[in-house]
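This is what each chain is made of:
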Amino acid sequence: VYQVFENVAKKYDVMNDSMTLGIHRVWKDILVHKMNPCPGTLLLDVAGGTGDIAFRFINYVRSVRQRQLQRKLKHHQNLSWQEIFESYQNDKFNNSLGDSQVVVCDINREMLKVGKQKAQHLGYSEGLSWVLGNAEELPFDDDKFDVYTIAFGIRNVTRIDLALQEAYRVLKPGGRFLCLEFSHVSNPLLSRLYDLYSFQVIPVLGEVIAGDWRSYQYLVESIRQFPPSAGLWAFRLLILMALIFQEELKAMIEDAGFFKVDYENLNFGIVAIHSGFKL
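Residues numbered from 1 in each chain as written. Predicted model: local features only at pLDDT ≥ 70, side-chain atom pairs only at ≥ 80, totals over all residues. Heavy atoms only, no water.

### Considerations on unusual backbone geometry
The phi angle of most residues is negative, glycine excepted, and most peptide bonds adopt the trans form.
At step 1: Although it is not a glycine, Asp143 adopts a positive phi angle of roughly 50°.
At step 2: Residue placement: Asp143 occurs in the loop between β3 (128-132) and β4 (145-151).
At step 3: We classify Asp143 as partly exposed; its relative accessible area is 40%.
At step 4: Phi angles above zero are rare outside glycine, and Lys260 is one such case at about 50°. (Helix = DSSP H or I, 4+ residues; strand = E, 2+ residues; numbered from the N terminus. Buried < 20%, exposed > 50% of the residue type's maximum accessible area, 1.4 Å probe, protein only.)

As structure tokens, this is what we get:
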């Protein structure tokens, strides 16, 4: 699995756009809006090496912070122009995130490298850090984060139960768990079309765009199913099949200790957002 993501890291974003026709951007936007972070939120984004969730989080918090500042200035009508200007500049540039931070944690160095390069290119630096780490054994203290997110990464975790337990451990009481992942399409016709597209088109796109058929064949199989073979592949199939059904993943999240667990299907269940709270 590590080698697969090391192979695809440089073309990962381009292939995401190609494979999903750009819809993955909408799914990630919905995830962050569902999170609805406020200034001061401390987010851990696991398996988020290329920074997509982190950058959206920063943009969202900045927008909330900007609206707060505008409301603050609106209620200070008696201030002089100089006082308004100084207040605006101080709030905007010294604390534009309201002490919010996002930690991106990924097991793959190459994915983190690509994420850091994107952050530098796009001008993200404030409130952002990058940590090499395994979802099954996170290098963080207990009760540290307000929100934990994992987008399109939990299907590649060998022991999902351990990853969920770690998510629970590092969240503060009252903290929220959010998982965006490919899931089970309930409509039989749509499911068949989805399978045809996944197995017949996506590996071809991987070959044309990234020059790597086999890695993208694996990614498709990790979402939908594995070929009937023995050994590690069969073992991983038994683990990953639990992700296909929304109710089964919900039960696993509850078993890890989370409360108020629910999920929202997007695009007929092609993906689902699972949510839970540490109470």
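Here the narrative resumes.
### Quick look at the nonpolar core
Grouped burial of nonpolar side chains is what soluble globular proteins tend to show.
At step 1: Membership of the largest hydrophobic core comes to 32 residues, with the highest contact counts inside it found for Trp27, Val102, Leu128, Leu180 and Val271.
At step 2: For this core, the secondary structure elements donating two or more residues are α3 (23-35), α4 (52-74), β2 (101-106), α6 (109-122), β3, β4, β5 (171-182) and β7 (271-277).
At step 3: Of the residues forming this core, the biggest block, eight residues, is contributed by α4.
At step 4: If we skip the residues at most four places from it in the chain, Val102 touches Leu43, Ala54, Phe57, Ile58, Gly127, Leu128 and Ser129.
At step 5: Listed in part, the 26 residues of the second largest apolar core include Leu44, Val103, Ala163 and Ala256. (Core = buried A, V, L, I, M, F, W, Y, C linked by side-chain atoms within 4.5 Å. Contact = heavy atoms within 4.5 Å.)

### As for the sheet that holds strand β6 (residues 259-266)
At step 1: Pairing in this open sheet of seven strands is mixed, and the strands run β3-β2-β1-β4-β5-β7-β6 from one edge to the other. With one partner strand each, in any of the chains shown, β3 and β6 form the two edges of the open sheet. This sheet shows a mean twist of 15° between the axes of neighbouring strands, independent of strand direction.
At step 2: Taken strand by strand, α3 contacts β1 (42-46), β4, β5, β6 and β7, and its axis lies near 160° from that of β5.
At step 3: Packing of helix α12 (residues 246-255) onto the sheet brings it into contact with β5, β6 and β7, and relative to β6 it is tilted by some 155°. (Pairing = 2+ DSSP bridges. Axes fitted to C-alpha atoms, helices over the stretch in contact; angles between N-to-C directions.)

### Observations regarding α3
At step 1: Under the 1.5 Å per step criterion, the end-to-end length of α3 is 19 Å for 13 residues, consistent within 8% with the ideal 18 Å.
At step 2: Downstream of α3 by one or two residues, Asn36 has phi in the positive range, about 50°. (Expected span 1.5 Å × (residues − 1).)

### Comments concerning α6
At step 1: Its 14 residues give α6 an end-to-end C-alpha distance of 20 Å, which sits within 8% of 20 Å, the value for a rise of 1.5 Å per residue.
At step 2: Residue Asn108 occupies the N-cap position of α6, its side-chain oxygen lying 2.9 Å from the main-chain nitrogen of Glu110. (Polar contact = N/O pair within 3.5 Å; in protein donor to acceptor, adjacent residues only side chain to side chain.)

### Topic: the pattern of salt bridges
Oppositely charged side chains may form a pair once their charged atoms are brought near each other.
At step 1: Per the stated rule, a full pass over the model turns up 10 salt bridges.
At step 2: With its nearest N and O atoms 2.9 Å apart, the salt bridge here joins Lys118 to Asp52. Pair noted here: Lys118 is in helix α6 and Asp52 is in helix α4, with a separation of 66 residues, a long-range link. The same class applies to Lys118 as to Asp52, namely buried.
At step 3: The salt bridge partner of Asp143 is Lys278, with a shortest N-O separation of 2.6 Å. Of this pair, Asp143 sits in the loop between β3 and β4 while Lys278 sits in the segment after β7, and the two are 135 residues apart along the sequence.
At step 4: One continuous salt-bridge network, built from bridges that share partners, spans Lys28, Asp52 and Lys118. (Salt bridge = Lys/Arg side-chain N within 4 Å of Asp/Glu carboxyl O.)

### Quick word on the side chain of Thr41
At step 1: Positionally, Thr41 belongs in the loop between α3 and β1.
At step 2: The buried category is assigned to Thr41, whose relative accessible area is 7%.
At step 3: Once residues within four sequence positions are removed from consideration, Thr41 is found in contact with Phe57, Ser100, Gln101, Asp146 and Val147.

### Observations concerning the environment of Gly51
At step 1: Turning to its location among the elements, Gly51 is positioned in the loop between β1 and α4.
At step 2: Along the backbone, Gly51 and Gln117 are 66 residues apart, and their C-alpha atoms lie at a distance of 9.8 Å.

### Section: the packing of aromatic side chains
At step 1: A full pass over the atoms with the stated rule returns nine aromatic pairs.
At step 2: Between the aromatic rings of Trp27 and Phe182, the centroid separation amounts to 6.1 Å while the plane-to-plane angle is 90°, which identifies the pairing as edge-to-face. With Trp27 in helix α3 and Phe182 in strand β5, this pair connects stretches of sequence that are 155 residues apart.
At step 3: The exposure class of Phe182 is buried, given its relative accessible area of 14%.
At step 4: For the ring pair Phe140 and Phe145, a centre distance of 5.2 Å and an interplane angle of 85° mean the geometry is edge-to-face.
At step 5: The exposure class assigned to Phe140 is buried, which follows from its relative accessible area of 12%.
At step 6: Connected via pairs of aromatic rings, a cluster forms that spans Tyr148, Tyr168, Phe177 and Phe258.
At step 7: Geometry around Phe145 places Lys144 over its ring, the cationic atom sitting 5.8 Å from the centre.
At step 8: The ring centre of Tyr168 lies 4.9 Å from the NZ or CZ of Lys278, which sits over that ring. (Phe/Tyr/Trp six-rings, centres within 6.5 Å; stacked < 30°, edge-to-face > 60°. Lys NZ or Arg CZ within 6 Å of the ring centre and 35° of its normal.)

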